[in-house]
Amino acid sequence: MESTSQDKLENQLIDLCQKYLNDRELARVKRAIEFSKKSHAGALRKSGESFVSHPLHAAIRLAKLKLDTNSIIAALLHDTLEDTDVSPRIIKREFGGDVLKLVEAVTKLSNIRIKKSWFPLGKTTVSKIPEFERQVETLRKMLVAVAKDIRVILIKLADKIHNLETLNFLPAEKRERIAREVIEIYAPVAGRLGMGEWKEKLEDLAFPYVFPKEYDDLKKLAIPRLKDRENYLKRIVSKVEKLLETNKIKAEINFRAKHWYSLYKKLLKYDNDLDKIYDLIAVRIIVDSIEDCYNTLGLIHSRWRPLVGRIKDYIALPKPNGYQSIHTTVFCEEGKIVEFQIRTKQMHQQAEFGVAAHWIYSEKKNSRIPNKNETKWLNDFSKIQKAVTSPEDFIKFLKLDLFQDRIFVFTPQGDVKDLPAGATPLDFAYHVHTDIGNHCAGAKVNGKIAPFDTKLQNGDIVEIIKGKNVKPKADWLSIVKTEVARSNIKKAIKSNL
Ligand code: MN
């Protein structure tokens, strides 16, 4: 039984890859499947499935986005460094340096953890507590900084989605932490990359584990209403279809319920009153051109009266993550309120897949609508995106260094410290506490003793060994990079002499 379901996954992956990879690349993917199977042989997931089903699921998700061969291979190998005796050297020899870099970066990301102590009020979301929101935002930045390459983030997100899909097999406490991390860190990062579909998937999978009661209540409240709405909207859709047909506009029209977690957040803002949620189910109209978007808007407004202040033109003014669409809310048949979202196919791809939309529609690579800008710390991202004209360029641009002048390192307890690039263990020590700096006898970086002048790297775990009788030395001044460390060393030397 087990091997059949695994065979199915393998075939699914190969079928997907066959659609867009050449024979040579496909052969590499097949080799990686065998390699992954061999490396994880005998290991089981908590679900009882063979372990290799997990990397296969992740790789399949990426192949659906037509990601490049090395990303698919790295997804297949993403847990080998951590969980098996496969060495970096072997990965490099078998699959090359690019794959190794991807796998190593994905492995490093598993250190990004949120801490229980950040949630002193239990269920509250961190955004309500500025101090915790800051820490979580640092973790999001760190995720991007450690990843260095957007493909790494995509592999990690695909990994997370499958982890969430099998989360019920893990112990309760672990479930909540993992789901929390997704809600607070991974889903927001997916959102900033414009990957609406993955963001919603991540949130809806994590939601019941983080807020079980709220999730149940919400479903009880909303499901009867959704059924009514669907029946009503079926009638509306056929009316809109006729309206557009008469006016010679080709369109795909469908409707989709707001996903659970965003409905939950919206209801919190609107006193739990479903009547105030106009986009509980929005009608989506997908047309061929921007001109058709505005024509469609005109036709809808001439048929039904729009609500004041509810027309949003994200085509002329895209959202920071590149989202484009026109939204309008009207008094529809029987006086009921309906939200319409009008966009082109391309805008739709962009809304669902963000950065990855490039791969899916790579045959039309130059016709993409460039993003205006990403959120502040993803600014460079859109600038480069505009300049990208070939797939090679695109891969190059994905290797971003958004935080060239900062590095993010961990304390052994998992707290993140944000330091200037080039910072050393001594800078780290003074950053944690003056006293720790002043009694710094030695340092371990990633578990190994490291000299004081070691340049710390993103994602390093730094541990300071304290010595009671240690005093700051004058030559430390030539090692440290930060002003905090320098001034404290000077002060200590002066007072000790
Ligand atoms: Mn994994």
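Our subject in this report is the structure included herewith. Everything quoted here is computed from the prediction, not taken from an experiment. (Residues numbered from 1 in each chain as written. Predicted model: local features only at pLDDT ≥ 70, side-chain atom pairs only at ≥ 80, totals over all residues. Heavy atoms only, no water.)

## Describing helix α3 (residues 53-64)
Given 3.6 residues per turn, any residue in an α-helix points the same way as the ones three and four places further on.
Thought 1: Under the 1.5 Å per step criterion, the end-to-end length of α3 is 16 Å for twelve residues, consistent within 8% with the ideal 16 Å.
Thought 2: Across the twelve residues that make up α3, a large majority, ten, are buried.
Thought 3: One or two steps after α3, the chain reaches Lys-66, where phi turns positive at roughly 60°. (Helix = DSSP H or I, 4+ residues; strand = E, 2+ residues; numbered from the N terminus. Expected span 1.5 Å × (residues − 1). Buried < 20%, exposed > 50% of the residue type's maximum accessible area, 1.4 Å probe, protein only.)

## As for the coordination of the manganese ion
Thought 1: Binding of the manganese ion to the protein goes through His-54 (NE2), His-78 (NE2), Asp-79 (OD) and Asp-159 (OD), at separations of 2.2 to 2.3 Å.
Thought 2: Linear spacing of the donor residues for the manganese ion on their chain is H-x23-H-D-x79-D. Of this pair, His-54 sits in helix α3 while Asp-159 sits in helix α9 (residues 150-165), placing them 105 residues apart in sequence. Both residues of the pair, His-54 and Asp-159, count as buried. (Donors = N, O, S within 2.8 Å, 3.2 Å for Na, K, Ca; no water.)

## Quick notes on the side chain of Arg-284
Thought 1: Looking at where Arg-284 falls in the secondary structure, it is placed in strand β2 (residues 281-287).
Thought 2: As a buried residue without a salt bridge, Arg-284 has its nearest oppositely charged side chain in Glu-352, at a separation of 4.6 Å.
Thought 3: Side-chain polar atoms of Arg-284 contact the side chain of Gln-341, separated by 3.5 Å.
Thought 4: Not counting residues up to four positions away in its chain, the partners in contact with Arg-284 are Glu-252, Ile-253, Asn-254, Arg-256, Gln-341, Arg-343 and His-348. (Lys, Arg positive; Asp, Glu negative; His and termini not counted. Salt bridge = Lys/Arg side-chain N within 4 Å of Asp/Glu carboxyl O. Polar contact = N/O pair within 3.5 Å; in protein donor to acceptor, adjacent residues only side chain to side chain. Contact = heavy atoms within 4.5 Å.)

## Things to note about the packing of α9 against helix α11 (residues 196-210)
Thought 1: Where α9 meets α11, the axes come as close as 10 Å, and the angle between the chain directions of the two elements is 35°. Considering only the axes of α9 and α11, their crossing is left-handed. Taken together, the residues of α11 that come into contact with α9 (itself represented by Leu-154, Leu-157, Ala-158, Lys-160, Ile-161, Leu-164 and Glu-165) are Trp-198, Lys-201, Leu-202, Leu-205, Ala-206 and Tyr-209.
Thought 2: The residue inventory of the contact of α9 with α11, partitioned by class, reads ten nonpolar, no polar and three charged. (Axes fitted to C-alpha atoms, helices over the stretch in contact; angles between N-to-C directions. Left-handed = near helix turned anticlockwise from the far one by under 90°. Nonpolar A, V, L, I, M, F, W, Y, C, P; charged D, E, K, R; others polar.)

## What to know about the sheet that holds strand β10 (residues 448-450)
Pairing between the strands of a sheet is mediated by backbone hydrogen bonds and can be parallel or antiparallel.
Thought 1: Across the sheet, which stays open at both edges, the three strands sit in the order β10-β9-β11 with antiparallel pairing between neighbours. Every other strand in the sheet has two partners, leaving β10 and β11 (462-466) as the edge strands with one partner each. In this sheet, neighbouring strand axes are inclined to one another by 40° on average, regardless of whether the strands run parallel or antiparallel. (Pairing = 2+ DSSP bridges.)

## Quick notes on the side chain of Glu-339
Thought 1: In this structure, Glu-339 sits in strand β6 (residues 337-344).
Thought 2: Classification of Glu-339 as buried rests on a relative accessible area of 3%.
Thought 3: Engagement of the side chain of Glu-339 in a polar contact is seen with the side chain of Gln-341, the distance being 3.1 Å.

## Examining the environment of Thr-84
Thought 1: Along the chain, the position of Thr-84 falls in the loop between α5 (80-83) and α6 (88-95).
Thought 2: The buried category is assigned to Thr-84, whose relative accessible area is 16%.
Thought 3: Spatially, the C-alpha atom of Thr-84 lies 9.3 Å from that of Ala-43, the residues being 41 residues apart in sequence.
Thought 4: Setting aside residues no more than four positions away along its own chain, Thr-84 makes contact with Ser-39, His-40 and Asp-79.
Thought 5: Polar side-chain contacts of Thr-84 include one of 2.7 Å to the backbone oxygen of Thr-80.
Thought 6: A polar side-chain atom of Thr-84 sits 3.1 Å from the main-chain amide nitrogen of Val-86.

## Some points on the pairing of strand β5 (residues 326-331)
Thought 1: Burial runs high along β5: five of the six residues are buried.
Thought 2: Here two bridges tie strand β4 (residues 312-313) to β5, and the two strands are oriented antiparallel to one another. Of the residues in β5, the one forming a bridge with Asp-313 is Ile-326.
Thought 3: Between β5 and β6, which pair antiparallel one after the other, the connecting turn spans five residues, and Glu-334 there sits at a positive phi close to 60°.

## Points about the pattern of salt bridges
Thought 1: Overall, the coordinates contain 28 salt bridges when judged by the stated rule.
Thought 2: Ionic pairing is found between Lys-37 and Glu-10, a salt bridge with its closest N-O pair at 3.0 Å. Taken together, the residues Lys-37 in helix α2 (residues 23-39) and Glu-10 in helix α1 (residues 2-18) connect sequence positions 27 residues apart.
Thought 3: Classification of Lys-37 by relative accessible area gives partly exposed; the value is 24%.
Thought 4: The salt bridge involving Arg-486 is made with Glu-483; its shortest N-O contact spans 3.4 Å. Separated by three residues within a single helix, Arg-486 and Glu-483 lie in helix α21 (residues 483-496), roughly one turn from each other.
Thought 5: Through salt bridges with shared partners, a single ionic network connects Asp-68, Asp-98, Asp-149 and Arg-151.

This is a description of form; function is not addressed.
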